[in-house]
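A structural walkthrough
Letter by letter, the chains look like this.
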Amino acid sequence: MNGDTQEIMNLYSLNKQSNDPSEQDSFYSVRELADARQFIEEGYRIQTVESPSDLERIRKLVHEAACQYLVNKDIKTDDLLDYIHQYVTPDQLNDLRLHIINTLNGNRWVRPAYFRLARHALESIVGNELAMQLRLNLSIQMPEDDSSLLPIHADTWSGDSPFEVVVWVPLVNCYATKSMYLLPPTVCGDPAQMLTNTYAQDSETLFHAVEKDLVWLNVKYGQVLVFNQNLPHGNRINRESETRWTLNCRFKGVFTPYADKRLGEFFEPITLRPASRQGLDYHLSETRNHQAG
Ligand SMILES: [Fe+2]
């Protein structure tokens, strides 16, 4: 933690009583407090998507790209995604996944549409000057397939900034082992300390040590999950009879510290406000004048 970060936290703590939801003089709006509560207390927020038409448009594009991959079979059935394992083998899965990811990221409208699914939640939880991941990611997990599992981990353990959140959008109903799990903050304590403890054990041992405390997230199609990637999470072999399809994308405050995932390479600013643009311009012209002088 650098000096500025420490000072922000110290001053914020002094001001904390003004952020009590029961206080008339809270700096947060009622909506912001409501949006943030589950995220703070449970480590995630699940809500209805804020723009159902955008979700439908994205799912339609994924469905069409899947049909295109299946040698232009026009499979009208609504549950193609749930039952994709009847059409492709585990060997073909990564090819299919890459084809769809490239299709999604090749359409400029997709990222703004994705952002609109959780815009207000992100503004409450992260801020209104945001950086967004440049490329959306897609995860497909067929029943009984162990080729794309994520053992228990916190993203910060492998070099992600603790200021990032993940927006996770299911294209099918996700429940039980067809979904993901998270270790709630009340149980987790300090995730950084937990990392120190994990050096002594492999991830499977760690998983079983906390298994009884894990929360399996039930997220239906039409809902969006925003979760705290600083908390341990992961998935197991999908033991349900349907395939899981989820999109994920990271967001963070544009002016918060970056780690391995850099601005420009991985993130780009999406919602800079006029005062920040004006401040950045001012700073840049000052630098240029300096260099000219
Ligand atoms: Fe992760």
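For the structure itself, look to the data block above.
A brief look at the structure comes next. (Residues numbered from 1 in each chain as written. Predicted model: local features only at pLDDT ≥ 70, side-chain atom pairs only at ≥ 80, totals over all residues.)

Regarding the overall build of the chain
Where we set the bar: Helix and strand definitions here come from DSSP, where helices need a minimum of 4 consecutive H or I residues and strands a minimum of 2 consecutive E residues; each element is numbered from the N-terminal end. With C-beta atoms placed from the backbone, a residue is buried if 20 or more other C-beta atoms are within 10 Å of its own, exposed if 12 or fewer are, and partly exposed between those counts. Any pair of residues counts as being in contact when their C-beta atoms, constructed from backbone geometry, are within 7 Å of one another.
Helix and strand content of the chain: ten helices and ten strands. Buried residues in the chain amount to 29% of all 293 residues. Summarising the internal contacts of the chain: among those between residues at least 6 apart in sequence, 88% fall at separations of at least 24.

Notes on the nonpolar core
Convention followed: For this entry, the nonpolar core is defined as buried Ala, Val, Leu, Ile, Met, Phe, Trp, Tyr and Cys residues connected by C-beta atoms within 7 Å.
Leu122, Val167, Leu182, Val224, Leu225, Val226 and Phe251 are the most contacted members of the largest nonpolar core, which has 52 residues in total. Looking at this core, the element that brings in the most residues is helix H3 (residues 52-69), giving six residues. With near-sequence residues (within four places) excluded, valine 167 lies in contact with Ala118, Val224, Val226, Asn248, Cys249 and Phe251.

Side note on the packing of H3 against helix H4 (residues 90-105)
Going by this rule: To obtain an axis, a line is fitted to C-alpha atoms, over the contacting stretch when the element is a helix, and the angle between two such axes runs from 0 to 180 degrees between their N-to-C directions. Here the angle decides the label: under 35 degrees means roughly parallel, over 145 means roughly antiparallel, 65 to 115 means roughly perpendicular, and every other value means oblique. Crossing handedness: left-handed means the near helix sits turned counterclockwise from the far one by under a right angle, and right-handed means the same turn made clockwise. Residue polarity follows a fixed list, in which Ala, Val, Leu, Ile, Met, Phe, Trp, Tyr, Cys and Pro are nonpolar, Asp, Glu, Lys and Arg are charged, and the others, Gly among them, are polar.
Packing of H3 against H4 brings their axes to within 9 Å, and their N-to-C directions diverge by 135°. With respect to H4, the axis of H3 lies oblique. H4 is crossed by H3, and the crossing has right-handed handedness. Where H3 approaches H4, its residues Leu61, Val62, Ala65, Ala66 and Tyr69 are matched on the opposing element by Leu96, His99, Ile100, Thr103 and Leu104. Of the residues in the contact of H3 with H4, the class split is eight nonpolar, two polar and no charged.

Some details on helix H2 (residues 30-42)
This is how it is decided: Working rule for helices: expected span equals 1.5 Å times residues minus one. Fitting axes to the seven residues that end at a residue and to the seven that start at it, the angle between those axes gives the bend at that residue.
Taking 1.5 Å per residue as the helical rise, H2 with its 13 residues ought to reach 18 Å, and the 19 Å between its terminal C-alpha atoms agrees with that figure. Remark: the principal bend of H2, roughly 35°, maps to alanine 36. Trailing H2 by a residue or two, glycine 43 shows a phi angle of about 90°, which is positive.

Here's the deal with H3
Let me state the cut-off plainly: Regarding the arc, it is the one traced by the directions from the helix axis to the C-beta atoms.
With 18 residues, H3 extends 26 Å between its outermost C-alpha atoms, agreeing within 8% with the 26 Å of an ideal straight helix rising 1.5 Å per residue. Every buried residue belonging to H3 is among Leu55, Ile58, Arg59, Val62, Ala65, Ala66 and Tyr69, and all of these are buried. Along the axis of H3, the buried residues cluster in a sector spanning 120°; they form a single face. Set apart from the buried face of H3 by more than 90 degrees, the exposed residues are Ser53 and Lys60.

Some points on the sheet that holds strand S5 (residues 181-182)
The strands that make up a sheet pair up through hydrogen bonds in the backbone, lying either parallel or antiparallel. Spelled out, the test is: Think of it this way: DSSP has to see at least two bridges between two strands before they count as a pair.
Across the sheet, which stays open at both edges, the three strands sit in the order S6-S5-S8 with antiparallel pairing between neighbours. The open sheet has two edge strands with one neighbour each: strand S6 (215-216) and strand S8 (233-234).

A look at unusual backbone geometry
Residue glutamate 144 is not a glycine yet carries a positive backbone phi of 65°. Within the secondary structure layout, glutamate 144 lies in the loop between strand S3 (137-141) and strand S4 (165-170).

Quick look at the environment of valine 224
Structurally, the position occupied by valine 224 is in strand S7 (residues 223-228). Note on valine 224: 23 C-beta atoms within 10 Å, which makes it buried. For valine 224 and alanine 121, which are 103 residues apart along the polypeptide, the C-alpha to C-alpha distance reads 9.8 Å. Residues within four places of valine 224 in sequence aside, it is in contact with Gln47, Val49, Leu117, Ala118, Val167 and Val169.

Some thoughts on the environment of tyrosine 181
Within the secondary structure layout, tyrosine 181 lies in strand S5. Sequence-wise, tyrosine 181 and tryptophan 216 are 35 residues apart; in three dimensions their C-alpha atoms are separated by 4.3 Å. Excluding residues that lie within four positions of it along the chain, tyrosine 181 makes contacts with Leu214, Val215, Trp216, Leu217, His233, Gly234 and Asn235.

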